[in-house]
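Now for the letters of each chain:
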Amino acid sequence: NAGVMQNPRHLVRRRGQEARLRCSPMKGHSHVYWYRQLPEEGLKFMVYLQKENIIDESGMPKERFSAEFPKEGPSILRIQQVVRGDSAAYFCASSEPLGTGGRYEQYFGPGTRLTVT
Amino acid sequence: EDKVVQSPLSLVVHEGDTVTLNCSYEVTNFRSLLWYKQEKKAPTFLFMLTSSGIEKKSGRLSSILDKKELFSILNITATQTGDSAIYLCASAGGTSYGKLTFGQGTILTVHP
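Residues numbered from 1 in each chain as written. Chains lettered and ligands numbered in written order. Predicted model: local features only at pLDDT ≥ 70, side-chain atom pairs only at ≥ 80, totals over all residues. Heavy atoms only, no water.

**Let's talk about the overall build of chain B**
Helix and strand counts for chain B stand at zero helices and 11 strands. When the elements of chain B are put in sequence order from the N terminus, they spell out β-β-β-β-β-β-β-β-β-β-β. With the C-alpha coordinates aligned to their principal axes, the bounding extent of chain B is approximately 45 × 30 × 20 Å. Of all 112 residues assigned to chain B, the portion counted as buried reaches 46%. Sequence-distant contacts, at least 24 apart, represent 56% of the contacts inside chain B between residues at least 6 apart. Counting only carbon and sulfur atoms, one obtains 51% of the accessible surface of chain B, whose full area is about 5400 Å². Between the averaged position of the 11 positive side-chain charges in chain B and that of its 10 negative side-chain charges there is a distance of 6 Å. (Helix = DSSP H or I, 4+ residues; strand = E, 2+ residues; numbered from the N terminus. Buried < 20%, exposed > 50% of the residue type's maximum accessible area, 1.4 Å probe, protein only. Contact = heavy atoms within 4.5 Å. Areas by Shrake-Rupley, 256 points an atom, 1.4 Å probe, with all protein chains shown as cover. Lys, Arg positive; Asp, Glu negative; His and termini not counted. Charge placed at Lys NZ, Arg CZ, Asp CG, Glu CD.)

Laid out in structure tokens, this is it:
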């Protein structure tokens, strides 16, 4: 059973370019979460999505950041016009639907390390 | 604002020692408390706790939750060098229940 998949594992972008990070959840999981880990800081929640729907985006920066989880294909975290402060590790997690009585712990992918030069 | 605080921030022990890691939380609409182990890659799930006073155990690791005192501990007995990692505590809650609020982590180093 494949775990959460993220790609690319490492991404280098120049200031002003766009970064697109992809996440495929574990088989059977329909909920996806994105977290950011800045250097020397803890993991911070960004957004929680289910297929074609954003459930909670309270941790997303107001500008330049967007996320989607289409009916088909992986979840995408998109950062437009990247700046040096966006350099971080971006982790995706997935879970079964919440509130169904099933196990809903979040399982994490290996992360994408974004470096903005 | 939701808050999770872990202590100590770092800990150095020798193989065979027993360690206790602490986690306190203040989270609206609390749903569960989770522990993860993070080495150089993805956080690996260890435990999820939802009820007070019920110990969860997996090998040399165990954890318990106190919902009255808003506190959890993670115990590791007979530590090994492979236990060296960052241990993360997170609380699930908020309006969507899907949001995990993480503590800053405890860096555990186990020397041979």
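Alright, that's what it looks like, and here's the rest.
**With respect to the packing of aromatic side chains**
Enumeration over the complete set of coordinates arrives at 10 aromatic pairs over all chains. Each ring, one from Y36(B) and one from F45(B), has its centre 5.9 Å from the other, and the planes form 75 degrees; the classification is edge-to-face. With centroids separated by 6.0 Å and ring planes inclined at 45 degrees, the aromatic side chains of Y36(B) and F102(B) adopt a geometry described as tilted. Of this pair, Y36(B) sits in strand β4 (residues 32-38) while F102(B) sits in strand β10 (residues 99-102), and the two are 66 residues apart along the sequence. Taken together, the ring pairs connect Y35(A), F45(A), Y107(A), F108(A), Y36(B), F45(B) and F102(B) into an aromatic cluster. (Phe/Tyr/Trp six-rings, centres within 6.5 Å; stacked < 30°, edge-to-face > 60°.)

**Examining the side chain of K37(B)**
Along the chain, K37(B) falls in strand β4. Look at K37(B): it is buried, it has no salt bridge, and the nearest opposite charge is E39(B) at 4.1 Å. (Salt bridge = Lys/Arg side-chain N within 4 Å of Asp/Glu carboxyl O.)

**Considerations on the sheet that holds strand β8 (residues 71-76) of chain B**
Residues and elements named next belong to chain B. With antiparallel pairing, five strands are arranged side by side in an open sheet as β1-β3-β8-β7-β6. Among the strands making up the open sheet, the edge pair consists of β1 (3-7) and β6 (56-58). Averaged over neighbouring strand pairs, the angle between their axes works out to 15 degrees when direction is ignored. Two strands pair when backbone bridges link them, and β1 and strand β3 (residues 19-26) are joined in this way by five bridges, in the antiparallel orientation. By the bridge assignment for β3, S7 is matched with N22. (Pairing = 2+ DSSP bridges. Axes fitted to C-alpha atoms, helices over the stretch in contact; angles between N-to-C directions.)

**Describing the pairing of strand β9 (residues 88-95) of chain A**
Residue and element names in this part refer to chain A. When you tally the buried positions in β9, you get eight out of eight residues, the bulk of the element. With burial as the criterion, each face of β9 is covered, one bearing A88, Y90, C92 and S94 and the other bearing A89, F91, A93 and S95. Judged from the seven bridges that link them, strand β4 (residues 31-37) and β9 form a sheet pairing that is antiparallel. Within β9, the position partnered with V32 by the bridge is S94. Relative to strand β11 (residues 112-116), β9 runs antiparallel, the two being bridged by three bridges. Its bridge partner lying in β11, A88 is registered against L114. The sheet contact formed by β9 and strand β10 (residues 107-108) spans two bridges and is antiparallel. Residue pairing across strands places S94 opposite Y107, the latter belonging to β10.

**Digging into the nonpolar core**
The tendency in soluble globular proteins is for nonpolar side chains to be buried as a group. Residue and element names in this part refer to chain A. Ranked by size, the top nonpolar core spans 23 residues in total, and within it W34, M46, L77 and Y90 carry the most contacts. For this core, the secondary structure elements donating two or more residues are β3 (19-24), β4, β5 (43-50), β7 (65-68), β8 (75-79), β9 and β11. When neighbours within four sequence positions are excluded, M46 is seen to be in contact with W34, Y35, R36, D56, E57, S58, G59, M60, P61, F65, L77 and Y90. (Core = buried A, V, L, I, M, F, W, Y, C linked by side-chain atoms within 4.5 Å.)

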